[in-house]
Amino acid sequence: MASITTPGGSKIRVGILGASGYTGAELVRMLLRHPNVEIAALTAERQAGKPMAEVFPHLGGYGLPDLVKIEELKWDNLDFIFCALPHGTTQEVVAGLPSGLKVVDLSADFRLSDPAEYATWYGHEHRAVDLQKEVAYGLTEFNRQGVRKARVVANPGCYPTCSLLPLLPLLMENQIEPGGIIIDAKSGVSGAGRDAKQANLFTEVSEGFNAYGVGHHRHMPEIEQELRLAAGRPVTVSFTPHLVPMNRGMMATIYVRMADGVTADDLRATLAARYADEPFVGVTPAGVVPATRHVRASNHNLIGVVADRTPRGAIIVSVIDNLVKGASGQAIQNMNVMMGLGETTGIDQAPLFP
């Protein structure tokens, strides 16, 4: 596919808001090899005024712009925005951007289509209700048309991405029951962000394994929103996230009950057929269970299916890199679709191993 450029013939000028966090750094790392992109602006609040190499030494030597505050940006110099700001701070920022700028938001601020549900889970009223009506949910494999037409795309959360990719096709084909789905999910510590928190200290995390957000994690309504659309009726899941002592990676072990007459081989076949032409989603052969190391630093999702010992039970294992397919890689995938580029451009690297 031909390169897509701005009207002036130059590369797409990208700004990254919140570039001093892990997802911001991943956006920079991946966009540096994107042939159609120029990283034109990087923002941070506490780190404003510093060169990117001082905040992330591994990104030194690439001629990146220094970090600045958002209010210092000149929007006329930009064509596209990645918003990697903390939850609760993004709605007003995105609502205030010039209407000609396309945006992928990596926070949770636009993922829930119902503003009332957002207020229930996030503890404050939605601050950009009119804009929310125009936002496309950016699970690329299931909403390409919506993403292609949208000015603002809500990038899915990492846990929802890891859980929805295996579940949506099976619900759409009525091969699993919508009730009783259990999602037992684990994430590397980078999923908790880069802010200094006691719970994230090495001595607090290493040699341990803990659940958090038990019974009330904010990804629950996002997961159920998309499952409800696939099933055509309300779906309530049991979802428990866990923090594991590794830097990056995510696994969702999902327990489902199959419809009458359906086997685990049928589930695997459905998933394999659905994703046969998808560049970033793969299904492992029977008897092969994917691991987080199989997708590390890549935009890939691997899914395995195993028959459970319980009647009509099946266990699905889904793995992604939480910082890539769970955040920055999927955001670039969505940008490629929004800008008419080849979907894999700049994010087609193989997983890193060991």
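Residues numbered from 1 in each chain as written. Predicted model: local features only at pLDDT ≥ 70, side-chain atom pairs only at ≥ 80, totals over all residues. Heavy atoms only, no water.

K.L.:
Just checking my understanding: could you explain the sheet that holds strand β12 (residues 281-283) for this structure?
P.N.:
Sheet strands associate in pairs through backbone hydrogen bonding, adopting either a parallel or an antiparallel arrangement. Spatial ordering of the open sheet is given by β9-β10-β8-β11-β14-β13-β12, a layout of seven strands whose pairing is mixed. Since the sheet does not close on itself, it has two edges, and those belong to β9 (210-211) and β12, each with one partner. With six bridges connecting them, strand β13 (residues 301-307) and strand β14 (residues 313-320) associate as antiparallel partners. In the strand pairing of β14, Gly304 is matched with Val317. Seen against the sheet, helix α10 (residues 264-274) touches β11 (250-257), β12, β13 and β14 and runs at an angle of roughly 160° to β13. (Pairing = 2+ DSSP bridges. Helix = DSSP H or I, 4+ residues; strand = E, 2+ residues; numbered from the N terminus. Contact = heavy atoms within 4.5 Å. Axes fitted to C-alpha atoms, helices over the stretch in contact; angles between N-to-C directions.)

K.L.:
Explain the UniProt feature "active site" (unreviewed entry) in the protein chain to me, please; I cannot follow it from the model alone.
P.N.:
In the numbering used here, UniProt assigns the feature "active site" (unreviewed entry) to Cys158. As for its position among the elements, Cys158 is in helix α7 (residues 158-172). When near neighbours in sequence (up to four residues on either side) are disregarded, Cys158 contacts His219, Met250, Ile320, Asn322 and Gly326. (UniProt positions renumbered as here; feature names shortened; annotations may be inferred.)

K.L.:
Quick question: what am I supposed to make of the side chain of Glu224 here?
P.N.:
The residue Glu224 is located in helix α9 (residues 219-231) in this model. Although Glu224 lies buried, it forms no salt bridge, and the closest oppositely charged side chain, Arg228, sits 6.1 Å away as judged by the N-O distance. If we skip the residues at most four places from it in the chain, Glu224 touches Val235, Thr236 and Val237. (Buried < 20%, exposed > 50% of the residue type's maximum accessible area, 1.4 Å probe, protein only. Lys, Arg positive; Asp, Glu negative; His and termini not counted. Salt bridge = Lys/Arg side-chain N within 4 Å of Asp/Glu carboxyl O.)

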